[in-house]
Every structure is written in C-alpha cells, then in structure tokens.
Amino acid sequence: MSTLLVIAKAPVPGRVKTRLTPRFSTRQAADLARAALEDTLAVVLATPARRRVLVLDGRPGPWVPAGIEVVPQSAGGLDVRLAAAFALAEGPALLIGMDTPQVTPGLLALGLDFTEADAWFGPADDGGFWALGLADPDPALLLGVPMSVAHTGEVQRRRLTAAGLTVRDLPELCDVDSPADAERVAAGAPRTRFAALHSGLCAITR
C-alpha cells in the first residue's frame, strides 16, 4: 500500500531554479530543472510502490512518464502543501522533491521500509530535508514547521520524535539550488540527464 510522492514545480522559465541565474539563463535553469525532475521520476518508476504521485505546481508536460499519477498542489505555504501531499496517501508514504537527481531506487526503497521505523528523515546539506517517510501519514506532523530556513530539518525531525515516532535517517544529500550545488551534484551523478545537460551548458557558457 506504499505511495511515493514527488512534490515539484513545472519547469517553466522564470519560475524554477531562479537561483541558478545569472550563471545560466532562465531557459537553461528551467531545462536543468526539467532534467532533474525527469531523473527523479525515472527513479521513482524503478522503485517498488503501489502508487507514484507527482504533486505538481503548474501544468504537466511530456516530461511526465507513463505510470506517474499527477495531482495539483494545494494552495498555501510549503508546510501546508507538503501536508496536503501526505493526505493523498492511504498507507505508508515517502515524499521527495525534484532537487536531488542523484537519488537512487535503493535510497527510495529504504525510505519505504518501515519494518523498524515509524518515519524516515532525509537531511539536506542546506539544513532542510530531501525526503520524509511516514508509516502512518499524519499531515499535522508538517503543519507549522518553518520551511526554507537553515533549521527547517532540525525542527521537522524534532517534530517527529516529539510525536513519539521511531525515526531513522537516510543519507544526507545536496539539493540543487545554486550553481555550486549543480556542479557538485552533476559531478557526483555523472550518468544522469541532469549531469549531461549541465556539462553541455557549462561548455557553451564558459
């Protein structure tokens, strides 16, 4: 009954990965966002789960592969949107974003194994988190958590333990936010669409 949730924005120039400019144009930044999302969705398809849901801000495009269910994001702050995403699940669920194209099926499968855990927490190196898994999804566990700040991950993990949940940690990953992040992630996952596009863009923008 497990569900894999991906929360993402449609890769529209000027609306995604704006922190990658001015190193890249808004179009190039959007193309990098699309590549990262395509890598992520491919990994989601390769991971055993009953449902695979893209919770999308924007309109779906040809970059959504068959086998991925698309639902619109709710309105509100990020904590509200994440909580609403978990409310879609009817059983154990793992939620990730579109900023970690280096993720693997093995990592996602681990985050869906609740044999000895009530929750899985995937810290990001910017102080946030790239993954959150809940054996019994409760949207209230996210509501009110301050998002997109340096202590987001700390507050979210503390919220889980304060609820009496047994929490296990996934490896820390780097979110692609800045040009330096993009270079680091591309170097660490050279076989991804993201890395191939990043290499090509860097060659023409030097």
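Please read these numbers as outputs of a predicted model, since none were measured by experiment. (Residues numbered from 1 in each chain as written. Predicted model: local features only at pLDDT ≥ 70, side-chain atom pairs only at ≥ 80, totals over all residues. Heavy atoms only, no water.)

Student: Even after reading the chapter, I still don't get the overall build of the protein chain, so can you show me in this structure?
Tutor: Within the protein chain, the regular secondary structure consists of 6 helices and 7 strands. Listed by position from the N terminus, the elements making up the protein chain come as β-α-β-β-α-β-α-β-β-α-β-α-α. Taking 206 residues into account, the globule formula puts the C-alpha radius of gyration at 17 Å, and the protein chain, at 16 Å, falls close to it. For the C-alpha atoms alone, the extent of the protein chain along its principal axes is close to 50 × 35 × 30 Å. Residues counted as buried form 50% of the 206 residues belonging to the protein chain. Within the protein chain, residue pairs in contact and separated by at least 24 positions form 65% of the contacts whose partners lie at least 6 positions apart. Entry remark: accessible area of the protein chain is about 9,200 Å², with carbon and sulfur atoms responsible for 53%. Of the charged side chains in the protein chain, 20 are positive and 22 negative, and the gap between their average positions amounts to 6 Å. (Helix = DSSP H or I, 4+ residues; strand = E, 2+ residues; numbered from the N terminus. Rg over C-alpha atoms; globule rule 2.2 N^0.38 Å. Buried < 20%, exposed > 50% of the residue type's maximum accessible area, 1.4 Å probe, protein only. Contact = heavy atoms within 4.5 Å. Areas by Shrake-Rupley, 256 points an atom, 1.4 Å probe, with all protein chains shown as cover. Lys, Arg positive; Asp, Glu negative; His and termini not counted. Charge placed at Lys NZ, Arg CZ, Asp CG, Glu CD.)

Student: When you look at the layout of surface pockets in this model, what are you seeing that I'm missing?
Tutor: Gaps left between atoms are located by rolling a probe of water-molecule size over the structure's atoms. As a volume, the largest pocket reaches approximately 890 Å³. Contributing to the lining of the largest pocket are 29 residues, with Leu 78, Asp 99, Ser 148, Asp 175 and Asp 177 lying nearest its centre. Mapped by element, the contributors of at least two residues to the lining of the largest pocket are strand S1 (3–9), helix H2 (78–86), strand S4 (93–96) and strand S6 (129–134). (1 Å grid on protein atoms, 1.4 Å probe; cavity = no way out; pocket = protein on both sides within 12 Å on 5 of 7 lines; lining within 4 Å. Points joined across faces, edges and corners; volume = space filled by probe spheres on them.)

Student: Even after reading the chapter, I still don't get the pairing of S4, so can you show me in this structure?
Tutor: Looking along a regular strand, one sees side chains alternate from face to face of the sheet. Residues of S4 alternate between two faces, with Ala 93 and Leu 95 on one and Leu 94 and Ile 96 on the opposite face, all of them buried. With 4 bridges connecting them, S1 and S4 associate as parallel partners. For Val 6, the partnering residue across the bridge sits in S4 and is Ile 96. In the sheet, S4 pairs with S6 via 4 bridges, with the strands oriented antiparallel. (Pairing = 2+ DSSP bridges.)

Student: So what exactly am I meant to see when it comes to the side chain of Arg 51 here?
Tutor: Within the secondary structure, Arg 51 is located in strand S2 (residues 51–57). On the basis of relative accessibility, which here comes to 15%, the residue Arg 51 falls in the buried class. Of the polar contacts made by the side chain of Arg 51, one reaches the backbone oxygen of Leu 88; its length is 2.8 Å. In this structure Arg 51 touches Ser 2, Thr 3, Leu 4, Glu 69, Leu 88 and Ala 89, once residues within four positions along its chain are discounted. (Polar contact = N/O pair within 3.5 Å; in protein donor to acceptor, adjacent residues only side chain to side chain.)

Student: Explanation requested: the nonpolar core in the structure shown.
Tutor: Nonpolar side chains in soluble globular proteins tend to end up buried together. Judged by nonpolar contacts, the single largest core of 31 residues is most densely connected at Leu 37, Leu 54, Ile 96, Leu 108 and Trp 130. Contributing elements (two or more residues each) for this core: S1, helix H1 (26–45), S2, S4, helix H3 (105–111) and S6. Ranked by residues supplied to this core, first place goes to H1 with 6 residues. Residues contacting Leu 54, with those up to four places away along its chain left out, are Val 6, Ala 8, Leu 37, Leu 41, Trp 63, Val 64, Ile 68, Glu 69, Val 70 and Val 71. Ranked by size, the runner-up nonpolar core spans 24 residues in total, among them Ala 85, Phe 121, Leu 141 and Met 147. (Core = buried A, V, L, I, M, F, W, Y, C linked by side-chain atoms within 4.5 Å.)

Student: Whenever I open this one, helix H4 (residues 152–162) confuses me. Can you help?
Tutor: Taken as a whole, H4 has its buried residues at Thr 152, Gly 153, Val 155, Gln 156 and Leu 160. Projection of H4 onto a plane perpendicular to its axis shows the buried side chains occupying an angular sector of 170°, all on one side. Residues of H4 that are exposed and point more than 90 degrees away from the buried face comprise Glu 154 and Ala 162. Of the surrounding secondary structure, the elements contacted by the buried residues of H4 are strand S5 (119–123), S6 and strand S7 (167–169). Where H4 ends, the next residue or the one after it, Gly 164, has phi of about 85°, a positive value. (Arc of directions from axis to C-beta.)

Student: Explain the pattern of salt bridges to me, please; I cannot follow it from the model alone.
Tutor: Close approach of charged atoms allows side chains with opposite charge to pair. Per the stated rule, a full pass over the model turns up 11 salt bridges. A salt bridge links Lys 17 to Asp 99; the nearest nitrogen and oxygen atoms lie 2.5 Å apart. Residue Lys 17 is found in the loop between S1 and H1, and its partner Asp 99 is found in the loop between S4 and H3; the two are separated by 82 residues along the sequence. Here Asp 125 ties to Arg 184 by a salt bridge, and the two come within 2.5 Å at their closest N and O atoms. Of the two residues, Asp 125 is situated in the loop between S5 and S6 and Arg 184 in helix H5 (residues 179–188); the sequence distance between them amounts to 59 residues. Each of Lys 17, Asp 99 and Asp 177 takes part in salt bridges that share partners, so that together they form one network. (Salt bridge = Lys/Arg side-chain N within 4 Å of Asp/Glu carboxyl O.)

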